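Overview (structure and organization)
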Amino acid sequence: EDVKVQTCYICTQALHWKTKEGLVRGCACRGTAGFVHVSCLAEQAKILREEAEANNLGLKARQERWKRWYSCSLCEQRYHGVVICALAWACWKTHVGRPETDQVRSMAMNVLGGGLSRALQYEAALSVREAELSLARRLGESEYNLLATHSYWAPELHEYHR
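Below or above, wherever it landed, is the structure these notes cover. (Residues numbered from 1 in each chain as written. Predicted model: local features only at pLDDT ≥ 70, side-chain atom pairs only at ≥ 80, totals over all residues. Heavy atoms only, no water.)

With that settled, the discussion passes to the side chain of H37. Here H37 is to be found in the segment before α1 (38-54). Separated by 3.2 Å, the side chain of H37 and the backbone nitrogen of H16 make a polar contact. Setting aside its immediate chain neighbours within four residues, H37 contacts C8, C11, Q13, A14, L15, H16, E21, G22 and L23. (Helix = DSSP H or I, 4+ residues; strand = E, 2+ residues; numbered from the N terminus. Polar contact = N/O pair within 3.5 Å; in protein donor to acceptor, adjacent residues only side chain to side chain. Contact = heavy atoms within 4.5 Å.)

So, about the packing of aromatic side chains. Taken as a whole, this structure holds 1 aromatic pair when the rule is applied. Plain terms: the ring middles of W66 and W69 are 6.3 Å apart, the flat faces sit at 55 degrees to each other, and that makes the pair tilted. Accessibility assignment for this pair places W66 and W69 in one class, buried. (Phe/Tyr/Trp six-rings, centres within 6.5 Å; stacked < 30°, edge-to-face > 60°. Buried < 20%, exposed > 50% of the residue type's maximum accessible area, 1.4 Å probe, protein only.)

Let us look at the state of the cysteines. With the rule as written, the count across this model stands at 0 disulfides. C72 takes part in no disulfide bond, and the closest cysteine sulfur to it belongs to C29, at a distance of 3.7 Å. (Disulfide = S-S within 2.5 Å.)

This is the structure in structure tokens:
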């Protein structure tokens, strides 16, 4: 498909007005759907999460909005390749300034680890998982939560040692 004639489904521009980045599509959308700028995806996900927090939305609504950091709002497939990698880093950069004890910061770290893994960057994903585990220990998490955190490592460990 010729991306030069496509536009971003969020900002409706072919070339991002600020970053000058081009369009990507890292999901299951076909035809003219799904072309987007990574920075538009990141800004949309950030705004949706902030609105959910500001309006005290329920858990289900907050979870649906959080999914924008790793899955397409059109086809609902998880992003892959360079799109998930870039979006995961954007998620982390957006939330890293929050306190270590903040749940949203922990969720952003988890998105980063998962995104790196889905982008086949297993060594980097393992580093994030180690940081997650270290943080959980420092915060005095229960054994159950430590094991849950550790369970995220399985795919990365398996692929890294192939």
